[in-house]
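Analysis of the macromolecular model
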Amino acid sequence: MHNTDLENKKVISNHPLGEKRYCTIITVLVVAVLVFSLTLFILMYFPTKKVVCVQDNYQVFREDKLEEMTIACEKLAKEKNINVVVTSAITHTYRDLASTDQAQKDLADAIYREKCGNPFIGDVSGICIVVDPSRTDSRVRLFAYGSATLGDSSEARRIMEESLRSDYAKQDYAQYTIDGIRQIRQTCSFHGKAEILIFVACFVFPLLFAAAVTRVAFAKKEYGAAPTSLEYRAARKTVERKDNPKTFIGGL
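Since we're looking at a predicted model, the values are computed, not measured. (Residues numbered from 1 in each chain as written. Predicted model: local features only at pLDDT ≥ 70, side-chain atom pairs only at ≥ 80, totals over all residues. Heavy atoms only, no water.)

Details of the packing of aromatic side chains
Inspection of every chain in the model, using the stated rule, returns one aromatic pair. A ring pair is formed by Tyr112 and Tyr145, whose centres lie 4.2 Å apart and whose planes are at 20 degrees; its orientation type is stacked. Taken as a pair, Tyr112 in helix α4 (residues 97-116) and Tyr145 in strand β4 (residues 140-145) lie far apart in primary sequence, 33 residues in all. Classification of Tyr145 by relative accessible area gives buried; the value is 9%. (Phe/Tyr/Trp six-rings, centres within 6.5 Å; stacked < 30°, edge-to-face > 60°. Helix = DSSP H or I, 4+ residues; strand = E, 2+ residues; numbered from the N terminus. Buried < 20%, exposed > 50% of the residue type's maximum accessible area, 1.4 Å probe, protein only.)

Below is the structure:
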């Protein structure tokens, strides 16, 4: 009886969940993951006030069109739940195309971070449109940030490039930019195609994580597995029956 009790205590103490505190730690961890995922889902799909910024540092747009462009961007930001930044740039001083592309990207990243915040912290998904009349191959580039990259960012980029590719765009860059923004608002969804991926990230991954932790924690092993209450009671009855002095004497 005494030796069996020691063995049972040893078995329980060697199991990772032999003490209640380990169960509590794992429970808190799983709940924290689920709460974080739910918070991410709420931030993603409940509209919040978005940043809209239109700046013309190089006098590319007509001044009388800036207000109309701002209104178009505000409608896009509200309906698609994204930040919208439009800026002008002149990169003709760069000799090669690679340097021009990198310069535009650096400009877009800097402006977007300044106006909207770090795209890797919180829900600051959105787009930045850079209009550059000095280029002949592609006068406009669209950059996506945050969860907006999972949506129709490629289609939006194509629409903007088509809008300003024509030589007629030189006559009024502002109007062609506005037309492209309106077309993006009508045809593109920056979260629509990402719904499945976001659903998986918010719900399926935490559930799989919880199942894996439970499976590993409660997996039975040849040595060191915690017995269930039924197994423990059955083993205790067997031990008591074998060690009962009356039974032993009666057997003689």
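More follows now that the structure is in view.
Re the side chain of Ser88
Locating Ser88 in the fold gives a position in strand β2 (residues 83-88). A distance of 3.2 Å separates a polar side-chain atom of Ser88 from the backbone nitrogen of Asn57. At 3.2 Å, the side chain of Ser88 and the backbone nitrogen of Tyr58 are in polar contact. (Polar contact = N/O pair within 3.5 Å; in protein donor to acceptor, adjacent residues only side chain to side chain.)

Re the sheet that holds β4
Two strands in a sheet stick together by hydrogen bonds in their backbones, pointing the same way (parallel) or opposite ways (antiparallel). A sheet is described by the order of its strands in space; here four strands give the open sequence β1-β2-β3-β4, paired in mixed fashion. One side of each edge strand has no neighbouring strand; the edge strands of this open sheet are β1 (52-55) and β4. Sheet twist, expressed as the average angle between the axes of neighbouring strands with direction ignored, equals 10 degrees. Alignment of β2 against strand β3 (residues 126-131), held across six bridges, turns out to be parallel. Each residue of the ladder has a partner; that of Thr87, found in β3, is Val130. Sheet strands touched by helix α3 (residues 63-80): β1, β2 and β3. Its angle to β1, the strand with the most contacts, is close to 155 degrees. (Pairing = 2+ DSSP bridges. Axes fitted to C-alpha atoms, helices over the stretch in contact; angles between N-to-C directions. Contact = heavy atoms within 4.5 Å.)

Quick word on α3
Here α3 contains 18 residues, and its C-alpha end-to-end distance of 26 Å stays within 8% of the 26 Å for a straight helix at 1.5 Å per residue. Within α3, burial applies to Lys65, Met69, Ala72, Cys73, Leu76, Ala77 and Lys80. Seen from one end, α3 has its buried residues packed into an arc of 135 degrees, which puts them on one side. Of the residues in α3, the exposed ones pointing more than 90 degrees away from the buried face are Asp64, Glu67 and Lys78. Where α3 is buried, its residues meet β1, β2, β3 and α6 (173-187). Just past α3, the residue Asn81 takes up positive phi, approximately 60 degrees. (Expected span 1.5 Å × (residues − 1). Arc of directions from axis to C-beta.)

Some details on helix α5 (residues 153-165)
Working note: α-helix, 3.6 residues per turn, so residues spaced by three or four point in the same direction. Under the 1.5 Å per step criterion, the end-to-end length of α5 is 18 Å for 13 residues, consistent within 8% with the ideal 18 Å. Taken residue by residue, α5 has Ser153, Ala156, Ile159, Met160, Ser163 and Leu164 as its buried positions. Taken down its axis, α5 places every buried residue within 120 degrees of arc, on the same side.

What to know about the state of the cysteines
Cysteine pairs can be linked by a disulfide, which is a covalent bond between their two sulfur atoms. Tallying each qualifying case throughout the model produces zero disulfides. The thiol of Cys53 is not disulfide-bonded; the next cysteine sulfur, from Cys116, is found 7.6 Å away. (Disulfide = S-S within 2.5 Å.)

Quick word on the pattern of salt bridges
Using the criterion set out here, one finds twelve salt bridges in the structure. Here Asp172 ties to Arg62 by a salt bridge, and the two come within 2.9 Å at their closest N and O atoms. One end of the pair, Asp172, is in the loop between α5 and α6; the other, Arg62, is in the loop between β1 and α3, and 110 residues separate them in sequence. Note that Asp101 and Arg141 form a salt bridge whose closest N and O atoms lie 3.5 Å from each other. (Salt bridge = Lys/Arg side-chain N within 4 Å of Asp/Glu carboxyl O.)

Coordinates in, geometry out; function isn't part of it.
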